[in-house]
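If you want the building blocks of each chain, they are given just below.
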Amino acid sequence: MRRYLRVVVLCLACGFCSLLYAFSQLAVSLEEGAGGGGGKPQAAAASWLAGGGRGAGRGAGSAGPAAHPGRSDRCKDFSLCYWNPYWMLPSDVCGMNCFWEAAFRYSLKMQPVERVHLAVVACGERLEETLTMLKSALIFSIKPLQFHIFAEDQLHDSFKGILNSWSFLQTFNYSLYPITFPSENAAEWKKLFKPCASQRLFLPLILKEVDSLLYVDTDILFLRPVDDIWSLLKKFNSTQIAAMAPEHEEPRIGWYNRFARHPYYGKTGVNSGVMLMNMTRMRRKYFKNDMTTVRLRWGDILMPLLKKYKLNITWGDQDLLNIIFFHNPESLFVFPCQWNYRPDHCIYGSNCQEAEEEGIFILHGNRGVYHDDKQPAFRAIYEALRNYRSHHVSCVSPDGPQVTASILHLK
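Only a predicted model underlies this, so the values are computations on that prediction, with no experimental measurement involved.

When its secondary structure is counted, the protein shows 15 helices and 11 strands. Residues counted as buried form 51% of the 411 residues belonging to the protein. Sequence separation of 24 or more characterises 71% of the internal contacts of the protein that already satisfy a separation of 6 or more. Here the protein displays about 20000 Å² of accessible surface, and carbon together with sulfur accounts for 56% of that area.

What follows is about the packing of helix α3 (residues 127–140) against helix α14 (residues 376–386). α14 packs onto α3 with a crossing angle of 80 degrees between their chain directions and a minimal axis gap of 9 Å. The orientation of α3 relative to α14 falls into the category roughly perpendicular. Where α3 approaches α14, its residues E128, E129, T132, K135, S136 and I139 are matched on the opposing element by Y382, L385 and R386. The residue makeup of the contact of α3 with α14, split by class, is 3 nonpolar, 2 polar and 4 charged.

Inspection of every chain in the model, using the stated rule, returns 2 disulfides. Disulfide pairing places C123 opposite C196 at an S-S distance of 1.9 Å. On the sign convention where negative is left-handed, the bridge of C123 and C196, at about -95 degrees about the S-S bond, is left-handed. Within this pair, whereas C123 is found in the loop between β1 (116–122) and α3, its partner C196 is found in the loop between α5 (186–190) and α6 (203–206), the two being separated by 73 residues in sequence. The residue that forms a disulfide with C337 is C352, at a sulfur-sulfur distance of 2.0 Å. Between C337 and C352, the S-S dihedral sits near 100 degrees, and the bridge is therefore right-handed. In this pair, C337 sits in the loop between β10 (332–334) and α12 (344–347) while C352 sits in the loop between α12 and α13 (353–358), placing the two residues 15 residues apart along the sequence. As far as burial versus exposure is concerned, C337 and C352 are alike and both buried. This cysteine, C346, is not joined by any disulfide, and C352 carries the nearest cysteine sulfur, 9.9 Å off.

With that settled, the discussion passes to the packing of α3 against helix α4 (residues 156–165). Axis separation between α3 and α4 bottoms out at 11 Å; the angle between their running directions is 30 degrees. Crossing angle aside, the handedness with which α3 passes α4 is right-handed. Across the interface between the two elements, L127, T130, L131 and L134 of α3 pack against S158, F159, I162 and L163 of α4. Its residues assigned to classes, the contact of α3 with α4 comprises 6 nonpolar, 2 polar and no charged.

All right, on to the environment of A242 then. One can find A242 in strand β6 (residues 242–246). With relative accessibility at 0%, the residue A242 sits in the buried group. For the pair formed by A242 and M277, sequence separation is 35 residues and the distance between their alpha carbons is 4.3 Å. Beyond its immediate sequence surroundings of up to four residues, A242 is in contact with F236, M275, L276, M277, F325, S331, L332 and F333.

Once that is clear, we can look at the nonpolar core. Judged by nonpolar contacts, the single largest core of 40 residues is most densely connected at W189, M277, L320 and F325. In terms of residues, this core owes the most to one element, helix α10 (residues 298–309), which gives 7 residues. One finds M133, F236, F333 and I362 within the second-largest nonpolar core, a separate group that totals 39 residues.

Right, let's get into the side chain of K285. As for its position among the elements, K285 is in the loop between α9 (279–284) and β8 (286–287). Of the residues examined, K285 reaches a relative accessible area of 16% and is grouped as buried. Within the structure, K285 has its side chain in polar contact with the side chain of S331 (distance 3.3 Å). In contact with K285, other than residues within four places in its own chain, are I241, L296, R297, W298, N328, E330 and S331.

Time to look at the confidence of the model for the protein. Summary statistics for the protein give a mean pLDDT of 79 and a share of 71% for residues scoring 70 or more. This model gives residues 31–84 a pLDDT under 50, and the stretch forms 136 contacts once residues within four places in sequence are excluded. For residues 391–411, every residue scores under 50 in pLDDT, and the model assigns this stretch 55 contacts once sequence neighbours within four places are set aside.

Rules used in this analysis
- Residues numbered from 1 in each chain as written.
- Predicted model: local features only at pLDDT ≥ 70, side-chain atom pairs only at ≥ 80, totals over all residues.
- Heavy atoms only, no water.
- Helix = DSSP H or I, 4+ residues; strand = E, 2+ residues; numbered from the N terminus.
- Buried < 20%, exposed > 50% of the residue type's maximum accessible area, 1.4 Å probe, protein only.
- Contact = heavy atoms within 4.5 Å.
- Areas by Shrake-Rupley, 256 points an atom, 1.4 Å probe, with all protein chains shown as cover.
- Axes fitted to C-alpha atoms, helices over the stretch in contact; angles between N-to-C directions.
- Parallel < 35°, antiparallel > 145°, perpendicular 65-115°, else oblique.
- Nonpolar A, V, L, I, M, F, W, Y, C, P; charged D, E, K, R; others polar.
- Disulfide = S-S within 2.5 Å.
- Left-handed = near helix turned anticlockwise from the far one by under 90°.
- Core = buried A, V, L, I, M, F, W, Y, C linked by side-chain atoms within 4.5 Å.
- Polar contact = N/O pair within 3.5 Å; in protein donor to acceptor, adjacent residues only side chain to side chain.
- pLDDT = per-residue confidence, 0-100.

Set out below in structure tokens:
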């Protein structure tokens with residue numbers, strides 16, 4: 001009996017050692033294949049394990065060695081948690097840390113996935129710009145996106161036809177809304193500044209079930225995961241309800257500090273083309289103002305503010321937001337200019353230091369620069385994203401400029 005028992009134990013030990021050896025050899029072969037394989041695009045997810053806690057973007061481009069010539073630490077830069085455990089990986093994807101990532105992937109499935117809410121308002125000839133902006137958001141997104149599209153009725157069928165044809169439908173949902181203003185003052189709100197632009201002021205009152213929202217103009221292009229700007233919500237202190245970038249970094253060329261005939265936030269005002277909102281807080285807050293000693297809620301302050309300042313404002317709803325946050329500065333979180341990079345940051349010399357040091361995260365092509373030759377770089381990026389026709393969204397690059405180059409290559 002003891003002899004049989006010894007044989008069983010010996011067989012088990014040999015089998016275990018053989019299994020360990022097989023797995024180690026397979027892992028080595030996969031890593032060697034990753035070092036010498038082709039540059040076929042691969043899918044990837046948030047690189048919490050490999051990227052120090054910050055999610056990387058899912059963009060278009062090559063994740064193979066050609067994307068990072070001369071680098072041997074590729075496995076440290078890319079998360080593989082969209083793939084199966086490493087013995088089922090494609091030959092040109094390395095298998096390091098796959099046991100850990102498989103467990104991480106399982107934990108993600110057990111948790112509800114947060115959806116990022118993105119809103120835009122489109123009127124007139126803005127269909128193409130809006131679709132290009134939405135495409136850029138999808139290319140670089142990690143979490144699923146929920147689009148809230150406010151558009152004139154004649155644009156709804158076009159939006160539906162194109163959005164329903166996109167092949168990455170699993171990564172987003174969308175809702176279409178008509179342009180909606182308070183009935184008693186609808187005509188006045190609609191013609192303020194540009195058609196429909198002031199719709200953004202009423203989003204907290206219309207989307208009552210949405211807690212937080214990122215609003216962007218139609219001429220915005222994402223060059224980085226939407227998740228990254230969404231994460232700034234966690235940096236809000238207890239009094240902050242919204243986030244925007246300064247209108248100017250250099251006071252000598254600022255518009256508000258030189259020409260405004262109304263109060264404005266800070267030294268140079270803020271630009272509302274990219275506006276991150278905690279709308280639950282906005283709906284609850286009572287705002288200080290210069291019209292009455294009584295604090296007013298968001299839905300009650302807008303019309304009195306327009307009546308008082310409508311002859312003094314130039315940029316419509318953006319001016320009204322500046323007035324509101326002038327009286328309530330504790331409620332605004334100001335993010336750097338790289339999150340709202342505009343031609344103004346390079347026309348009069350480079351004046352966005354954060355973009356010089358870390359790159360441009362969100363491109364804002366105001367002044368119509370996507371459609372003329374005044375800013376060729378802006379137009380080139382816009383056209384590359386507009387013409388992007390891939391049927392899937394593939395790899396990750398944590399470096400903004402490299403992502404842009406990859407997109408241009410795959411155009």
